[in-house]
Amino acid sequence: MSGKMDQKTRLNLFNTLLRIRLTEQRIAKNYSQQKMRCPVHLSVGQEAVAVGVCSQLLDSDYLISTHRAHAHFLAKGGDLKSLISEICGKSSGCSRGRGGSMHLIDLNKGILGTTPIVGGSMPIAVGAAFKVALKNENRLVVLFFGEGSTEEGVWAECLNFASLKKLPILFICENNFFSVYSPLEVRQSQERDRVKIAEAHGLFSKKENGNDLEKVVELAKAGIDHIKQGLGPVYLEFDTYRHLEHCGPNEDDHLNYRDPEITNFWKNNCPLNIYQKKLLNLNLLNSSLIEEMKDKINKELDEAFDSVDRESMPVFKEAEEEIYAK
Amino acid sequence: MLSREITFAKSINEATDQIMAKREEVYLIGLGSPDPKGIFGTTSGLQEKYGKERVMDMPVSENAMMGIIIGSAILGMRPIYTHQRADFFFLALDQLINNGSKWHYMFGAQASVPIVIRLIIGRGWGQGPQHSQSLHSVLAHFPGLKVLMPSSAYDAKGLLIAAVEDSNPVVFIEHRWLHNIKGNVPKEIYSIPIGKANILKEGKDVTIVASSHMSLEAWRAIEFLNEFNVSAEIIDLRSIVPLDKVTIFDSVKKTGRLLVLDNDWKFCGIAGEIIATVCENCFDNLKTSPRRLTYPDRLIPTSWSLSNFYYPIVEDIVAETLDLLGKENEAKIFKDKSYQKKVSMPLDVPDSSFTGPF
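Residues numbered from 1 in each chain as written. Chains lettered and ligands numbered in written order. Predicted model: local features only at pLDDT ≥ 70, side-chain atom pairs only at ≥ 80, totals over all residues. Heavy atoms only, no water.

Turning our eyes to something else, we now look at the overall build of chain A. The helix and strand inventory of chain A stands at twelve helices and eight strands. Against the compact-globule benchmark of 20 Å for 326 residues, chain A has a radius of gyration of 19 Å, which places it among compact chains. The dimensions of chain A, computed from C-alpha atoms along their principal axes, are 55 × 50 × 40 Å. Here the analysis covers contacts within chain A between residues at least 6 apart in sequence; of these, 75% occur between residues at least 24 apart. Total accessible area on chain A stands at roughly 14100 Å², and carbon and sulfur atoms take up 48% of it. The positive charge centre, built from 41 side chains, and the negative charge centre, built from 44, are 4 Å apart in chain A. (Helix = DSSP H or I, 4+ residues; strand = E, 2+ residues; numbered from the N terminus. Rg over C-alpha atoms; globule rule 2.2 N^0.38 Å. Contact = heavy atoms within 4.5 Å. Areas by Shrake-Rupley, 256 points an atom, 1.4 Å probe, with all protein chains shown as cover. Lys, Arg positive; Asp, Glu negative; His and termini not counted. Charge placed at Lys NZ, Arg CZ, Asp CG, Glu CD.)

Right, let's talk about the overall build of chain B for a bit. The helix and strand tally for chain B stands at 14 helices and 14 strands. The C-alpha radius of gyration computed for chain B amounts to 20 Å, which stays within 12% of the reference 21 Å derived for 358 residues, consistent with globular compactness. Overall, the C-alpha framework of chain B stretches about 60 × 45 × 45 Å when taken along its three principal axes. Counting across all 358 residues of chain B, residues that qualify as buried make up 63%. (Buried < 20%, exposed > 50% of the residue type's maximum accessible area, 1.4 Å probe, protein only.)

This brings us to the pairing of strand E8 (residues 234–239) of chain A. Residues and elements named next belong to chain A. The element E8 is largely enclosed, with a buried count of six among its six residues. Residue alternation in E8 divides its side chains into two sets, Val 234, Leu 236 and Phe 238 and Tyr 235, Glu 237 and Asp 239, and both sets are buried. Judged from the six bridges that link them, strand E4 (residues 169–175) and E8 form a sheet pairing that is parallel. Looking across to E8, one finds that Glu 174 is bridged to Phe 238. Assessed by its sense of winding, the connection that carries the chain from strand E7 (residues 204–209) through helix H8 (residues 213–228) to E8 is right-handed. (Pairing = 2+ DSSP bridges. Right-handed = clockwise from strand over helix to strand, strands pointing away.)

Working note: non-glycine residues mostly have negative phi, and peptide bonds are mostly trans. Residue and element names in this part refer to chain B. Look at the link from Val 241 to Pro 242: it is a cis peptide, with omega at -5°. With respect to the element layout, Pro 242 can be found in the loop between strand E12 (239–241) and helix H10 (245–255). One non-glycine residue, Ser 212, lies in the positive phi region at around 55°. Position of Ser 212 relative to the elements: it lies in helix H9 (residues 212–227). By relative accessible area, which is 0% here, Ser 212 ends up buried.

A word on the nonpolar core. If you look at the biggest cluster of nonpolar residues, it comprises 87 residues, and the most contacted ones within it are Ile 169 and Phe 171 of chain A together with Met 66, Phe 89 and Leu 139 of chain B. Top contributing element to this core by residue count: helix H5 (residues 122–134) of chain A, with nine residues. Counting residues in hydrophobic clusters, the runner-up holds 66 residues, among them Ile 27, Leu 42, Val 53 and Tyr 275 of chain A. (Core = buried A, V, L, I, M, F, W, Y, C linked by side-chain atoms within 4.5 Å.)

For the rest of this paragraph, the subject is the packing of aromatic side chains. Residues and elements named next belong to chain A. For the coordinates displayed, the defined rule picks out 18 aromatic pairs over all chains. Ring geometry for Phe 177 and Trp 266: centres 6.0 Å apart, planes at 50°, overall tilted. Residue Phe 177 is located in the loop between E4 and strand E5 (178–179), and its partner Trp 266 is located in helix H9 (residues 260–268); the two are separated by 89 residues in the primary sequence. Residue classification places Phe 177 among the partly exposed positions, given a relative accessible area of 22%. (Phe/Tyr/Trp six-rings, centres within 6.5 Å; stacked < 30°, edge-to-face > 60°.)

Another aspect to go through is the environment of Lys 337 of chain B. Tracing the sequence through the fold places Lys 337 of chain B in helix H14 (residues 328–344). For Lys 337 of chain B, a relative accessible area of 41% corresponds to the partly exposed category.

All names here are of chain B. For the structure shown, the criterion picks out 38 salt bridges over all chains. Notably, a salt bridge pairs Lys 254 with Glu 233, separated by 2.6 Å at the nearest N-O pair. In this pair, Lys 254 is assigned in helix H10 and Glu 233 in strand E11 (residues 232–236), connecting sequence segments 21 residues apart. The class for Lys 254 is partly exposed, based on a relative accessible area of 44%. For Glu 233, a relative accessible area of 2% puts it in the buried group. In the salt-bridge network here, residues are joined through shared partners; they are Lys 22, Arg 23, Glu 25, Arg 78 and Glu 165. (Salt bridge = Lys/Arg side-chain N within 4 Å of Asp/Glu carboxyl O.)

Our focus in this paragraph is the sheet that holds strand E7 (residues 170–175) of chain B. All names here are of chain B. With respect to topology, seven strands assemble into an open sheet ordered E3-E2-E4-E5-E7-E6-E12, the strand pairing being mixed. If you trace the sheet from one side to the other, it starts and ends with strand E3 (55–56) and E12, each paired once. Both strand E5 (residues 116–121) and E7 contribute to a ladder of six bridges, which runs parallel. Note that in E7 the partner of Ile 117 across the bridge is Val 171. Across the sheet, helix H8 (residues 153–165) is in contact with strand E2 (26–30), strand E4 (78–82), E5, strand E6 (146–148) and E7; its angle to E7 comes to roughly 160°. (Axes fitted to C-alpha atoms, helices over the stretch in contact; angles between N-to-C directions.)

Structure representation (structure tokens):
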């Protein structure tokens, strides 16, 4: 399978991973300037799930996600400048300054919305898939969420409805083992098998290492094939790990709520490290090409942050008019 | 406009039928919407006419279904989501309030949520505490929603059509005791503007503001008030949100006296909001302190001998109005009449045709 990917595709995938990593790191670095005045839940360490799944989607496919959506937004092709502007509260932001990091949208790229209530965006995604099915549209819907969301009753309700109506939806679970500081062991019994729960609802259901980009791609392809054959919805679960704190720009390993050995393992085997190593071994990458890519991305980020500084804040009277749609 | 008499329930059915014929994005979904009883007749015949892709039953998952409906609406569908009781809807509040009411605003006006949610307030025949609540005061509190409470067959049809055509989440609250009342309803499709109250009767001595079933009870109080030469102006709100403050203020400026009736608990109910806004805007016009007649702040018992003492009846409205006008002796007569009624017979049906079970 992974042998079938050509050089151009692989380099693109690597570049997308790198771009997300550098963007998140830049946000973290600049956060102390206090121009980004909203909670940010960064995706450092979890990029491969976003990149792998979204690489198999079209602009016309829909995406819905949660509070930790920067990687999904960028991987789906969402506009970087409008993301930065939104986090800075500018009226040129993707949500016109009304939403911040936790409420992203880019309709040109099928990004319907992201919301931070755990489990809250799930039925919205199922509803989008419902509309697609009712109107016989040739589209997929992808929903990203964390393993904590599977503890919400609404997850089971969504699996049931999606299965009942055979909806064209990919439920993508990023299991990063923690819900803020709460480890999986205090939230779910060891016997609870999320993959089996989804399967028991009639979904095509599989699990994979979420830090191995090409494995993510393979599994995403299989899931999409399943949907395209009209066989119904899919649940894919990917193990991964966030490097930074739940919310904010800093590392918080000194708080010792995560086993340092496990943390180090995941950081050493982060998506970027794994894929970089692989492509270096295949001679598709070398250090000067990597530097070239980094320079280009950093320049893009410099420009984005510089131009955001010059953009205007929303004017208060505008805000009063938009509670109701016309 | 050709009018004829049909029931409130039938007018909801007709409104749904006509708006579904007019707009193909409209679909109807709710537990039991294709049932033989057709949600008290409001959905009868619709699945036969429009098919299973447009009139649907659903899993018993009120919360997910609320979100699913919203998800379809942000992409252009116009769903009508029904519930047999308002009480069942609490499960759906996270989706309606966190997503439905906010989606348009928090994404910078780039999407809208054109949904209608039908809720039914139960009453009588031992419905009890969990089958007789209303949510209008609670939902009115959240910016981004519209809340409608029609009191007549004519209003029910016109407001439901307006609700479906509105681009925002509209909660359409029906009262179980209004489903069988009849009224003149035009045959063709029409809508009534949302946010405009209706003056049921003009008067000069006192303004009575009501909605839903209370408007009917206020109407029934008129003949008794006439006997005492009390000229009451009765305002039927139709819309809780947006609230027609102009009509209310104009009336209070004329009469100087205000009585607000509400099918809801007193504390933090909409009646308090109306009185507050009248005091803020018409204080100098008030001849006496405004009043409200609502449910007491306790729970609805099931046994009729107890629930009789829960709901304000026509005699209570008359007594309160007379008392507001300083006619204390006359008010006492009606208070006694009210008490006599409540201790002597079940008042748990709207009319003799109602034989239960729900």
